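Report on the structure
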Amino acid sequence: MDAQEPDFHHATPEGEDRERRICRTCGFIDYVNPKIVAGVVATHADGRVLMCRRAIEPRSGYWTLPAGYMEEGESVEQAALREAREEACASLELDGVLGIYSVPRISQVQIFFRARFAAPDIAAGPESEEVALFEWDRLPLSELAFPSVKWALDDYQAGHGRALPPSMRTQTPDMRPD
């Protein structure tokens, strides 16, 4: 039996309220859902904040917090810790959810944690030009890669690192990174 090539078209499946890609050949519905980004606001024992200067697009050369897409088969906590290892060679311990940020224009949900260092060493990973620990009054606020980085920093500072209920924010169309 020869396999047929998929033939996708856009239609609204029965019982749903939006168009989806549906295969005319087999009826498969291609659900496209938001991506989840996991990240951290990691502070050193002396209060300095870990930041990474991006070596990749989007926003190469701008500062960000360690964060990135979850992989299949990992928890959001594992993703946050893995991203910190990959981007800043940082070994961290999580201290709870800091904030949940919705970015509808790019179909992302970003979940940031409070974190502390389990080991003192940091170094730039392959996705970072450099990494640094910044005092709060020296953060490179004019060079942040994304609005959610500022949100996470603001939410952390507002709680002074305490375990407060997570903040929830949604990026509106007028909140562009550049």
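Definitions and limits used
Residues numbered from 1 in each chain as written. Predicted model: local features only at pLDDT ≥ 70, side-chain atom pairs only at ≥ 80, totals over all residues. Heavy atoms only, no water. Salt bridge = Lys/Arg side-chain N within 4 Å of Asp/Glu carboxyl O. Buried < 20%, exposed > 50% of the residue type's maximum accessible area, 1.4 Å probe, protein only. Helix = DSSP H or I, 4+ residues; strand = E, 2+ residues; numbered from the N terminus. 1 Å grid on protein atoms, 1.4 Å probe; cavity = no way out; pocket = protein on both sides within 12 Å on 5 of 7 lines; lining within 4 Å. Points joined across faces, edges and corners; volume = space filled by probe spheres on them. Nonpolar A, V, L, I, M, F, W, Y, C, P; charged D, E, K, R; others polar. Core = buried A, V, L, I, M, F, W, Y, C linked by side-chain atoms within 4.5 Å. Contact = heavy atoms within 4.5 Å. Expected span 1.5 Å × (residues − 1).

Time to look at the pattern of salt bridges. With the rule as written, the count across this model stands at 14 salt bridges. Here E16 and R20 are joined by a salt bridge, their closest N and O atoms 2.9 Å apart. With a relative accessible area of 26%, E16 lands in the partly exposed category. R82 serves as the salt-bridge partner of E86, at 3.1 Å between the closest nitrogen and oxygen. On the criterion of helical spacing, the pair formed by E86 and R82 is a turn pair, its members being four residues apart in helix 1 (residues 76-88). A cluster of three or more residues bridged by salt bridges with shared partners is formed by E74, R82, E83 and E86.

Quick look at unusual backbone geometry now. The omega torsion across E57 and P58 is 0 degrees, close enough to zero to call that bond cis. Here P58 shows up in the loop between strand 5 (49-54) and strand 6 (63-64). A positive phi is found at S107, a non-glycine position, where the angle reads about 50 degrees. Assignment of secondary structure puts S107 in the loop between strand 8 (92-103) and strand 9 (108-117). For S107, a relative accessible area of 38% translates into the label partly exposed.

The computed volume of the largest pocket comes to approximately 560 Å³. Taken together, 29 residues form the lining of the largest pocket, with R54, P58, Y69, Q108 and F146 sitting closest to its centre. At the level of secondary structure, the elements contributing two or more residues to the lining of the largest pocket comprise strand 7 (67-69), helix 1, strand 9 and helix 2 (147-159). Residues of the lining of the largest pocket, tallied by class, amount to 14 nonpolar, six polar and nine charged.

V41, M51, L65 and L153 are the most contacted members of the largest nonpolar core, which has 19 residues in total. Looking at this core, the elements that each hand over two or more residues are strand 4 (35-43), strand 5, strand 8, strand 10 (128-134) and helix 2. Top contributing element to this core by residue count: helix 2, with five residues. Apart from the residues within four sequence positions on either side, L65 is in contact with V40, V41, V49, L50, M51, E87, F112, V149, A152 and L153. Of all hydrophobic cores here, the second largest spans 18 residues; its members include V40, A79, F113 and F117.

Between its terminal C-alpha atoms helix 1 stretches 18 Å, which fits the 18 Å expected from 13 residues at 1.5 Å a residue. The complete set of buried residues in helix 1 reads V76, A79, A80, R82, E83, A84, E87 and A88. Residues of helix 1 that are buried make contact with strand 4, strand 5, strand 7, strand 8, strand 9 and strand 10. In the segment just after helix 1, C89 is the residue with positive phi, at about 50 degrees.

Moving on, we come to empty space enclosed by the protein. The full count for this structure, using the stated rule, is one cavity of 30 Å³ or more. Taken as a whole, the largest cavity encloses approximately 40 Å³ of empty space. Lining the largest cavity are C52, R54, I56, T64, E87, E127 and S128. Tallied by class, the residues present in the lining of the largest cavity amount to two nonpolar, two polar and three charged.

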